[in-house]
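# Structure at a glance
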Amino acid sequence: AQKITQTQPGMFVQEKEAVTLDCTYDTSDQSYGLFWYKQPSSGEMIFLIYQGSYDEQNATEGRYSLNFQKARKSANLVISASQLGDSAMYFCAMRELPNQAGTALIFGKGTTLSVSS
Amino acid sequence: DVKVTQSSRYLVKRTGEKVFLECVQDMDHENMFWYRQDPGLGLRLIYFSYDVKMKEKGDIPEGYSVSREKKERFSLILESASTNQTSMYLCASRAPGQYNEQFFGPGTRLTVL
């Protein structure tokens, strides 16, 4: 079974609009971390935002916020006021047992976001 | 800033060749990772290492091996390259700890003919 599910292969949005990229996850652990990365066409992976499973507040970083709904096991990324430079592929990722040395991130398949003027 | 470098951005090899992909990080991170990225499949973990000379298999280790002789360097080895190993290979590193994100290298796009 997939650990991280991103159901939207592609999303299209106009500049200055807000957009939500969906992510659901599957884990039986109580302690885990959720991450979002951006990958522009140049290929580099850029870390955007982190949410810990015990964090009570939704994480925010500038125009990015994470809508964390623990009971639903969802961790949607919200981008406010989209910009042309936001066009990229976005990956949701999870780390289980975060206190264990060497645990790797598990990634979803990604969502391609296209922002038009 | 953390810097993760990979030896090549683009590489073309022939079937059956032994291929080395090198990754170096400059932040003294204990943990290092190799992923491959394919369209529609996202990033899949090949191997990771949490210390020098230590390695763990990821989800798709078949056809690959790794070497970590020094803390800053993590090598991915394709013993006998095959066409189905044509892919983008991404190296990452991070410090231990719950909150630490993984820092990625620029990737190596490998084509096996």
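Let me begin by describing the structure that accompanies this report. Owing to the predicted nature of the structure, the values given are computational and were not obtained by experimental measurement. (Residues numbered from 1 in each chain as written. Chains lettered and ligands numbered in written order. Predicted model: local features only at pLDDT ≥ 70, side-chain atom pairs only at ≥ 80, totals over all residues. Heavy atoms only, no water.)

### Observations regarding the packing of aromatic side chains
Rule in force here: Between 30 and 60 degrees the pair is tilted, below 30 it is stacked and above 60 it is edge-to-face, where a pair is any two Phe, Tyr or Trp rings, Trp via its six-membered ring, whose centres lie within 6.5 Å. Numbering of helices and strands starts at the N terminus; helices are DSSP runs of H or I of at least 4 residues and strands are runs of E of at least 2.
Going through the model one piece at a time under the given rule, you end up with 13 aromatic pairs over all chains. With a centroid separation of 5.9 Å and 55 degrees between ring planes, the pair formed by Tyr37(A) and Phe107(A) is classed as tilted. In this pair, Tyr37(A) is assigned in strand E5 (residues 32-39) and Phe107(A) in strand E11 (residues 106-107), connecting sequence segments 70 residues apart. In textbook terms, an aromatic cluster arises when at least three aromatic residues are bridged by ring pairs, as seen for Phe35(A), Tyr37(A), Phe47(A), Tyr50(A), Phe91(A), Phe107(A), Phe33(B), Tyr35(B), Phe48(B) and Phe104(B).

### Things to note about the pairing of strand E10 (residues 88-96) of chain A
Residues and elements named next belong to chain A. Cut-off, in case you're wondering: Burial here depends on accessible area, computed with a 1.4 Å probe over protein chains only, as a share of the maximum for the residue type. Under 20% is buried, over 50% is exposed, and the range in between is partly exposed. For two strands to pair, DSSP has to find at least two bridges joining them.
Within E10, eight of the nine residues are buried, which leaves the element mostly enclosed by the surrounding structure. Across eight bridges, E5 lies against E10 in antiparallel orientation. By the bridge assignment, Gly33 is partnered in E10 with Arg95. Relative to strand E12 (residues 111-116), E10 runs antiparallel, the two sharing three bridges. Across the sheet, Met89 pairs through a bridge with Thr112, a residue of E12.

### Notes on the interface of chain B and chain A
Going by this rule: The contact definition used throughout considers only heavy atoms, calling two residues in contact when any of these lie within 4.5 Å. Once two parts are joined, some of their accessible surface, as seen by a 1.4 Å probe, is lost; buried area is that loss totalled over both. Any Lys or Arg side-chain nitrogen located within 4 Å of an Asp or Glu carboxyl oxygen qualifies as a salt bridge.
At the junction of the two partners, chain B supplies 22 residues and chain A supplies 23 residues. In this assembly, chain B packs against chain A so that about 1,800 Å² is buried in total across both faces, 53% of it on carbon and sulfur atoms. Across the chain B-chain A interface, the total number found is zero salt bridges. The set of elements that each furnish at least two residues to the side of chain B that touches chain A consists of strand E4 (31-38), strand E5 (42-51) and strand E9 (87-94) of chain B. Looking at which element gives the most residues to the side of chain B that touches chain A, the answer is E5(B), with five residues.

### Section: the pairing of E4(B)
On a regular strand, one side chain projects to one face of the sheet and the next to the other, so that they alternate. Residues and elements named next belong to chain B. Extensive coverage of E4 is indicated by the burial of eight of its eight residues. With burial as the criterion, each face of E4 is covered, one bearing Asn31, Phe33, Tyr35 and Gln37 and the other bearing Met32, Trp34, Arg36 and Asp38. Pairing of E4 with E9, which is carried by seven bridges, proceeds in the antiparallel orientation. Pairing of Met32 across the sheet is with Ser93, part of E9. Summarising the sheet, E4 and E5 pair through seven bridges and their orientation is antiparallel.

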